[in-house]
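# Structural features, examined
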Amino acid sequence: MAVVQRQPGKRDILAGLNEEQVRAVTTVAGPVLIVAGPGSGKTRVLTHRVGYLIEAGHASPWHILAVTFTNKAAREMRTRLETLIGFEQAQRLTVGTFHATCARILRRDGGRIGIDPRFTIYDDADQLEAVRQALKSLGLDPKQFSPRSILSRISAAKSQFQSPHQFAEQVQSYWDEVVSRVYPRYEEFLRRNQALDFDDLLTETLRLFDEHPDVLARYQDWYRYVLVDEYQDTNRVQYLLVRALSAAHRNLCVVGDPDQSIYGWRQADIRNILDFKRDYPDATEIHLELNYRSTRSIVEAADAVIRANRLRIERRLRTENPPGEPIRLHECYDEGHEAQFVASEIRRLTLRGDLRYRDIAVMYRTNAQSRPLEEALIRADIPYQLIGGVRFYERKEIKDALALLRVIANPNDSVSLQRVLANTPLGAGIGERTWQELERWAALTRQPIARGIAALAGQSDVPPPQISGRPARLLVEVWATLQQLWEASERLRLSELFDLALERSGIAQLYHDAGDPEQIERWENLLQLRSVLASYDSVTEGALRAFLEESALVTDVDALDDGGDQVTLITLHAAKGLEFPVVFLTGVEEGLLPHTRSLESEAQLEEERRLFYVGMTRAKQRLYITYTFRRARFGASDLSVRSRFVDDIPAHLLDQGNGAAAPARSYPSLLHSSTPASVNTVVPRLAVGMRVFHARFGDGVVAEVRPAQSDQEVVVDFKRHGRKTLLASLANLTVG
């Protein structure tokens, strides 16, 4: 495709863009859907579109809202805009993630719906603790009822904008009934601690807009042009937020690719992008199909794989890049042999001198697959970074220091206060029994624990907890220390406040004065945190809240070190949006990719195929696909079968190491394969209303039946396990 040439000018926003990209940049009126394939210059189009809006006089910077899905993407966009339109103009834009944008709105206007602007954002660990507290208050054992599973169910409900009451009305199983009891207690715990979880940032903003149209009107007038990146990953609440903000001016531009929708398990709804033109019949649809990233072999292979899906917007991924090397397909004996092969290939590629470790990524479907890979890289003395491992902000000493800062920002945050008292010298002598009495008092009086401690110090008008003697004196001392820190937070820069907090809490003495190498390393981590805090010293107002907000919204990909020379180990889900000259896709086997959980639903199987497609299109120059003859799973070694997705790659694009094309391998009766396997068992034709039995889920009634090629996709309401979507040929349902 020809590149559009422009005469040099003040700021030639359109220079160097191809014809598709120019159309995407300059079509600014009304709703616009940009379907952007991988490597098609999506980020460049977004930034140049913002620049064009400003330079062509369509909008002032403060009238533009650009929403991304990761902090990394937001930073990259802002950096590019600073180069394109200048630092001053870029600073007037609103660029950020959904969660960060909503957090700012709630800090400013949340008081209209009773949200204190000092609210704490609870991260994953805090949310789990809140669920545990809710379970305990109901007399339920967290060891019997998984807090993680309950939290996931609550998050799913919030993503559908379901209140505790609405959720309780739709209970269909015993498990849902347990969640329906925990959900309101969880919400009460958050309110008592002036805290919001990640979902609340979105749902409470939507509630603010619903209950106060004047607030919504103000933001609609403020943000006259709304741009949304990765629109295929939006859930229902995000969809409603985008519609609300853009309703007045209708200048909504969404960019995405349904072929890269891989977060259905996080309630992302691919229908948001597939149905965009139904929601906006007058929308302009523009396709970015030219891939600048990958070789022709990789592009053609990926395009062939994704064309087997049905839930997509028809378009063809193409490139003008040279063919490059064929895709290397390699069968290994087991996961140990696979890891050795990966390590030896990395060593061979880097010894040639044209590649560095940082140019290479090893990707896999599940985190558990990283262990043998790590061991092989260690034995080969190859440096690596593990994305999704123990992150900086999850280290004990960092979480302790952050908890102290959060208590300074929000005295009513009892989860952080408990961590401070339990893990720092400030809480020395205050035991579990004392904390339990504080919790009992808080539950009885419906007051934050901080007010109870203030009452013990004679600084609150509520009756104090039944605590006396040494524990009471220690709590009074804690209160005095916290008061000093609260007062200091009004006058000190953030790094200075951090120094004072470490000193008064005893954390500095605990780590700095220790001779233990492990303690010294923890102190060095705290100093690294201090350097991050120092970057906020120039913020004149709300520096502590700004830092805590950003640290709470850090994701796995934000931990990616772009500067170091090391191989990247990363899950396929986390790799989205990244690119590397060399990519190894490991464990490409039935049961892993596609995952076992997806085999009973055509929609889930299509998402697994999209995940494979995303992995393939991360590679720029070389792509390796590996699978094993046998693999250890659940404590036993089982025979493996190569993924059906590999069979959709044209044979002439594959190389098994000796130049020969890879032969296809058979696998059991499975969905959506290139050559569907025959099924010997007789599958009953199902109809709505039929009573059926499933070996795992028990008795149920068929609620929906949908054709799925030569099969049936059935939705069954099971008495004990709720609604499930199954494939008739695999579910082995008994009728009657």
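Description of the structure in this document. If you're wondering where the values come from, they're calculated on a predicted model, not measured in any experiment.

## Comments concerning the sheet that holds strand 12 (residues 360-364)
An order of 13-14-12-15-16-11-19 is seen for the seven strands of this open sheet, with the pairing classed as parallel. Looking at strand neighbours, the two that pair on one side only are strand 13 (384-386) and strand 19 (654-655), the edges of this open sheet. Note that strand 12 and strand 14 (residues 567-571) share four bridges and pair parallel. Across the sheet, Met-363 pairs through a bridge with Ile-570, a residue of strand 14.

## Re helix 15 (residues 296-306)
The buried fraction of helix 15 is high, at eight of eleven residues. Here helix 15 has its buried residues at Ser-297, Ile-298, Val-299, Ala-301, Ala-302, Asp-303, Val-305 and Ile-306. Against the buried residues of helix 15 lie strand 9 (290-291), strand 10 (318-319), strand 11 (327-332), helix 28 (602-616) and strand 16 (619-628).

## Here we look at the packing of aromatic side chains
The final tally for this structure, using the stated rule, is 15 aromatic pairs. Considering the side-chain rings of Tyr-219 and Trp-222, the 5.8 Å spacing of their centres and the 15° angle between planes classify their relative orientation as stacked. Note that Tyr-219 and Trp-222 are positioned in helix 11 (residues 213-222) at a spacing of three residues, about one turn of the helix. The exposure class assigned to Trp-222 is partly exposed, which follows from its relative accessible area of 30%. Among the aromatic side chains, those forming a connected cluster through ring pairs are Phe-209, Tyr-219, Trp-222 and Tyr-223. Sitting over the ring of Phe-119, Arg-107 keeps its end group 3.8 Å from the ring centre. Lying over the aromatic face of Tyr-263, Arg-266 brings its terminal NZ or CZ to 4.1 Å of the ring centre.

## Considering the nonpolar core
In globular proteins that are soluble, nonpolar side chains generally tend to be buried together. Of all hydrophobic cores here, the largest spans 54 residues; its most connected members are Leu-405 and Phe-547. Once you skip the residues sitting within four places of it in the chain, Leu-405 turns out to touch Phe-498, Leu-533, Leu-544, Phe-547 and Leu-548. Among the nonpolar cores identified, the runner-up in size contains 43 residues, and Leu-202, Tyr-239, Val-254 and Ala-283 belong to it.

## Some remarks on the sheet that holds strand 3 (residues 94-97)
Spatially, the six strands line up as an open sheet ordered 3-2-6-7-1-8, and their pairing is parallel. In this open sheet, the two strands that pair with only one neighbour each are strand 3 and strand 8 (284-288). This sheet shows a mean twist of 15° between the axes of neighbouring strands, independent of strand direction. Sheet topology places strand 1 (residues 32-36) next to strand 8; five bridges connect them, and they run parallel. From the neighbouring strand, Ala-36 faces strand 8, where its bridge partner is Leu-288. Against the sheet, helix 1 (residues 19-26) touches strand 1 and strand 8, its axis set at about 145° to strand 8.

Thresholds, definitions, all that
- Residues numbered from 1 in each chain as written.
- Predicted model: local features only at pLDDT ≥ 70, side-chain atom pairs only at ≥ 80, totals over all residues.
- Heavy atoms only, no water.
- Pairing = 2+ DSSP bridges.
- Helix = DSSP H or I, 4+ residues; strand = E, 2+ residues; numbered from the N terminus.
- Buried < 20%, exposed > 50% of the residue type's maximum accessible area, 1.4 Å probe, protein only.
- Contact = heavy atoms within 4.5 Å.
- Phe/Tyr/Trp six-rings, centres within 6.5 Å; stacked < 30°, edge-to-face > 60°.
- Lys NZ or Arg CZ within 6 Å of the ring centre and 35° of its normal.
- Core = buried A, V, L, I, M, F, W, Y, C linked by side-chain atoms within 4.5 Å.
- Axes fitted to C-alpha atoms, helices over the stretch in contact; angles between N-to-C directions.

That's the geometry; what it means functionally is another story.
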